[in-house]
Amino acid sequence: MLKLTTALAVTLAVALPGALLAQDKTFRVGLITPPVHVWNKEVDAMGVTLGEMSGGRMAVTAFPSGQLGNEETMLQQLQTGALDMAWLTTAGLTVRVPDLGALHAPFLVDNIADAAKVLRSDEAREILDALPAATGTVGLCYAMTGMRQIMTKTPIASAQDLNGLRFRITPAPPIQNFFEMFGAAPAPMPLTQVYDALANGQIDAIDMDHESILNFGYFDHAKNMLETNHQMFGMVALISGRVWAQLSDEDKKIVQDAAQKHCDQTIDRFVSEEDSKLDRLKAVEGLTITEDVGSEFFGDIVTRWDAEWAAKTPYVARLRALTAAF
Ligand code: BEZ
């Protein structure tokens, strides 16, 4: 049987020079998020979809919780082909693709439904075209985690109270600039280190989304939350450029379609669950939540941030124009 299969493969390869043969493939997918996160559940579901669409030839093995390293390390593994796929934050890619920084413009959108519209826009899609040259990866699709909120150990009454606080941030220049602009001391740190850093007092505050706050229970050590919605937080489903180049056109379509299905489902889940997650946080004993904290709380930060980032990417102006029309 083995000999027959091999003989058939050789015959086909001779008959179809240049054509790539359909192969069995288990994609190794890296994530910084833990198994309970929506991204991880959708990656597992993507494995099932790939199996169905490929007649059982394709599958997924997920490596959650930064098991393979932080996002930059995973990006390097994608570049060499040591890792097949990863679901990485748009933030983590901004060093290499500054245009993605525009998605982190403060108060770009008023709510998560508008964040979904931005991620599904032609403008956002266009930015993914820069990925192969800048990162050696192909961006299959966008998804997101929730809008960003602020959690602190001490109560916050005004922006002055945030001054000098050591704030854990996702390592990314546009985020660092935002926090510096209101006088905080940003401490870039991977998601996997945040809980312990809060617990041992290494940091005073974090910016985070509802899903991760619930998953990790950051309110154990930060009892104050400002519902700022100050930033949307995107994700890009990436495949190694080397792995992509080895796929036949038919298999590329299967991978693209399966990824798109689960990116879309991820976005839809975040949009529909954002309010109920806030309700769950409101029920946490000892957590004080200040709602409706708008951009005015941070003074003229939007103007200052835009002035700095408009010099780095035209997408700041383009995305502001897009969202102004929502
Ligand atoms: C973070 O770095 O804060 C983060 C990363 C991935 C998902 C959620 C949060």
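Residues numbered from 1 in each chain as written. Predicted model: local features only at pLDDT ≥ 70, side-chain atom pairs only at ≥ 80, totals over all residues. Heavy atoms only, no water.

Time to look at helix H12 (residues 301-310). In an α-helix, one full turn covers 3.6 residues, which means residues spaced three or four apart are oriented alike. When H12 is considered as a whole, its buried residues turn out to be Ile-301, Trp-305, Asp-306 and Trp-309. Projected down its long axis, H12 carries its buried residues within an arc of 125°, all on one side. Away from its buried face, by an angle of more than 90 degrees, H12 presents the exposed residues Thr-303 and Ala-307. (Buried < 20%, exposed > 50% of the residue type's maximum accessible area, 1.4 Å probe, protein only. Helix = DSSP H or I, 4+ residues; strand = E, 2+ residues; numbered from the N terminus. Arc of directions from axis to C-beta.)

A word on the nonpolar core. Grouped together as the largest cluster of nonpolar side chains are 109 residues, with contacts concentrated most on Phe-27, Ile-239 and Val-255. Split by domain, the residues of this core number at least three in each of domain 1 (24-146 + 233-276) and domain 2 (148-232 + 280-324). (Core = buried A, V, L, I, M, F, W, Y, C linked by side-chain atoms within 4.5 Å. Domains from an automatic or database assignment.)

Turning to helix H4 (residues 112-119), a few remarks are in order. For H4, the tally of buried residues reaches 6 of 8 residues, placing the bulk of the element in the interior. Within H4 the residues assigned to the buried category are Ile-112, Asp-114, Ala-115, Ala-116, Val-118 and Leu-119. Tucked inside the fold, the buried residues of H4 contact helix H5 (122-127), strand E4 (137-145), helix H11 (249-282) and helix H13 (315-324). (Contact = heavy atoms within 4.5 Å.)

Another aspect to go through is the sheet that holds strand E6 (residues 166-169). Taken together, the 6 strands give an open sheet; going across it, the order is E7-E6-E8-E5-E9-E11, and neighbouring strands pair in mixed fashion. Edge positions in the open sheet fall to strand E7 (185-188) and strand E11 (288-290), since each of these has one partner strand only. Taking each pair of neighbouring strands and ignoring which way they run, the sheet shows an average axis angle of 30°. Alignment of E6 against strand E8 (residues 205-209), held across 2 bridges, turns out to be parallel. Within E8, the residue paired with Arg-168 across the bridge is Ile-206. Contacting strand E5 (148-152), strand E9 (224-226) and E11, H11 crosses the sheet at an angle of about 135° to E11. (Pairing = 2+ DSSP bridges. Axes fitted to C-alpha atoms, helices over the stretch in contact; angles between N-to-C directions.)

This part covers the domain arrangement of the protein. Frequently, the measure chosen for interface size is the accessible area that the parts lose on association. Split into domains, the protein comes out as domain 1 (24-146 + 233-276) and domain 2 (148-232 + 280-324). Between the C-alpha centres of domain 1 and domain 2 there is a distance of 23 Å. Interface area for domain 1 against domain 2, summed over the two sides, is near 3300 Å², with a carbon-plus-sulfur share of 67%. For the pair domain 1 and domain 2, the number of links is 1 salt bridge. Between Arg-318 and Glu-126 there is a salt bridge, with its nearest N and O atoms 2.8 Å apart. Counting across the domain 1 and domain 2 interface gives 12 residue pairs in polar contact (both at pLDDT 80 or more). (Buried area = accessible area lost by both parts, 1.4 Å probe. Salt bridge = Lys/Arg side-chain N within 4 Å of Asp/Glu carboxyl O. Polar contact = N/O pair within 3.5 Å; in protein donor to acceptor, adjacent residues only side chain to side chain.)

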